[in-house]
Amino acid sequence: MNRDYQNYNLYDLASNVGDFKMLLDTVNNKYNQALWKQFTTVLPASNSHRFSAIVEETNVIVKASPLGSMGKKPLRSFEGGEAYGDSIHKIGHGFKLDQSDLNHIKELNLVNYDLGYEMVKKYMGRAEAIVGGFHTAWNSWIFEALSDQQITLKPQGHATGYTVDLRTPAANKLVASTAKWFTQGADIIKDLKRMNALADDDSVGMPSNRVFLCSKTLYDKIIADAGVIAAIKAYMILSSADLQLNDRYIRQQLSVAFDLPPIVPINEKSRIEIDGVPTVDSAAFDVNKIVLVPVTQLFNMHNSPSDYSEDSNPNTIKSAFEGGLIGAIQLYESDPFSLITNMESWSFVSYKNPKWVVSLSLIHISEPTRLLSISYAVFCLKKKKKTRKHKY
């Protein structure tokens, strides 16, 4: 079946599984270029919701040990395959088309309009927004995982939410060598070299085809930094202070002159709804972080089939799309008319190899922490100075 939504009617949507699936696939195709797909391999679905049952072991090459002629061979452990204690997370939402929508279209009093067409158009618009919500959630997971090596979740009914640590080694999380970048004396290139050197180390073993990722805000600051421009001019023996270097040239010379991977900005923001109020989502990538990763699909998307397949209500029709990641169920009711569509996905991501990410934070916590310690020490000393007057 290959037709556009102008040829559907609400009865098709309510009763024909083939039509239902075709429309959902049509809507989902608009998100074929969603950024999360560039970084993620979707694994075959597993019936288990437990990470302990499905997280793959990451094998790391271990150098063989010299042995005596009668020495026993050491047994190696393979890192990176530790299981999360939590289950795969279910995300989902839905929408309704009902009598009030039908009445609203009638009240528009359009000339020569097709009521069925208008209702299906409204249905498609709402379905597109709902499906987009899944891709927005997956994008936010991937970019928080890249910048912070963790994912923050706040399920419905959970007051504070919780954070899932993605098991990147602490040694891979660097801090800027100076308290503040973009100030006199800060050496941005030195810090980028530190990251690249750590990626070369055997403890990390990152493939050589790499890229720096950061927010567009941070990228613009790096490219415009006076110290970066001065270092490039010095390498190119360009003495004119008035010589203007464009962004593309600066980015190229960072790779050529200092043997650094390219820097790629992430500029992903989504318009979302929070408690019924449209708003712009927070920046997907932490503006105070830059990471170095291999040019490959870094993540696995773990998933389980939707529970809708277990629903035996004869008034429903069911389907799945996005390779089975999203399940959908539709319920038709009369008097008053109502067409309810719900969608869900049992899904979550993990690093294929948690070692293959090196991050650097621009927030230099050592100085504030030290000052806090000093303040506390002074406070304690002041308290000790208070002596009690004794009566003899």
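Our subject is the structure that appears above.
Residues numbered from 1 in each chain as written. Predicted model: local features only at pLDDT ≥ 70, side-chain atom pairs only at ≥ 80, totals over all residues. Heavy atoms only, no water.

This paragraph deals with the overall build of the protein. Across its full length, the protein holds eleven helices and 15 strands. Across the 392 residues of the protein, 39% fall into the buried class. Here the analysis covers contacts within the protein between residues at least 6 apart in sequence; of these, 71% occur between residues at least 24 apart. When the accessible surface of the protein is split by element, carbon and sulfur atoms take 52% of a total near 22,900 Å². (Helix = DSSP H or I, 4+ residues; strand = E, 2+ residues; numbered from the N terminus. Buried < 20%, exposed > 50% of the residue type's maximum accessible area, 1.4 Å probe, protein only. Contact = heavy atoms within 4.5 Å. Areas by Shrake-Rupley, 256 points an atom, 1.4 Å probe, with all protein chains shown as cover.)

Locating threonine 178 in the fold gives a position in the loop between β5 (173-175) and α7 (188-200). Owing to a relative accessible area of 23%, threonine 178 belongs among the partly exposed residues under this scheme. Spatially, the C-alpha atom of threonine 178 lies 8.5 Å from that of leucine 362, the residues being 184 residues apart in sequence.

Here we come to the pairing of strand β11 (residues 299-304). Taken across its six residues, β11 has six buried, putting it largely inside the fold. Burial along β11 is two-sided: the residues Phe299, Met301 and Asn303 and Asn300, His302 and Ser304 are all buried. For strand β1 (residues 40-42) and β11, the ladder comprises three bridges, and the chain directions are parallel. Paired with valine 42 across the two strands is methionine 301, which belongs to β11. In terms of strand pairing, β11 meets strand β14 (residues 338-351) through six bridges, oriented antiparallel. By the bridge assignment, phenylalanine 299 is partnered in β14 with tyrosine 351. (Pairing = 2+ DSSP bridges.)

Our focus in this paragraph is the packing of helix α9 (residues 226-236) against helix α10 (residues 247-258). Packing of α9 against α10 brings their axes to within 10 Å, and their N-to-C directions diverge by 60°. With respect to α10, the element α9 is oriented oblique. Pair α9 / α10 crosses with left-handed handedness. Between α9 and α10, the residues in contact are Val228, Ile229, Ala231, Ile232, Tyr235 and Met236 and Tyr249, Ile250, Gln253, Leu254, Val256, Ala257 and Phe258, respectively. Residue composition of the contact of α9 with α10, grouped by class: twelve nonpolar, one polar and no charged. (Axes fitted to C-alpha atoms, helices over the stretch in contact; angles between N-to-C directions. Parallel < 35°, antiparallel > 145°, perpendicular 65-115°, else oblique. Left-handed = near helix turned anticlockwise from the far one by under 90°. Nonpolar A, V, L, I, M, F, W, Y, C, P; charged D, E, K, R; others polar.)

This brings us to the packing of aromatic side chains. Tallied over the entire structure, the rule returns nine aromatic pairs. Note on phenylalanine 39 and phenylalanine 143: the rings are 5.9 Å apart at their centroids and 80° apart in plane angle, and the pair reads as edge-to-face. Here phenylalanine 39, found in helix α3 (residues 36-39), pairs with phenylalanine 143, found in helix α6 (residues 115-148); they are 104 residues apart in sequence, far enough to count as distant. Among the aromatic residues, those joined into a ring-pair cluster are Trp36, Phe134 and Trp138. (Phe/Tyr/Trp six-rings, centres within 6.5 Å; stacked < 30°, edge-to-face > 60°.)

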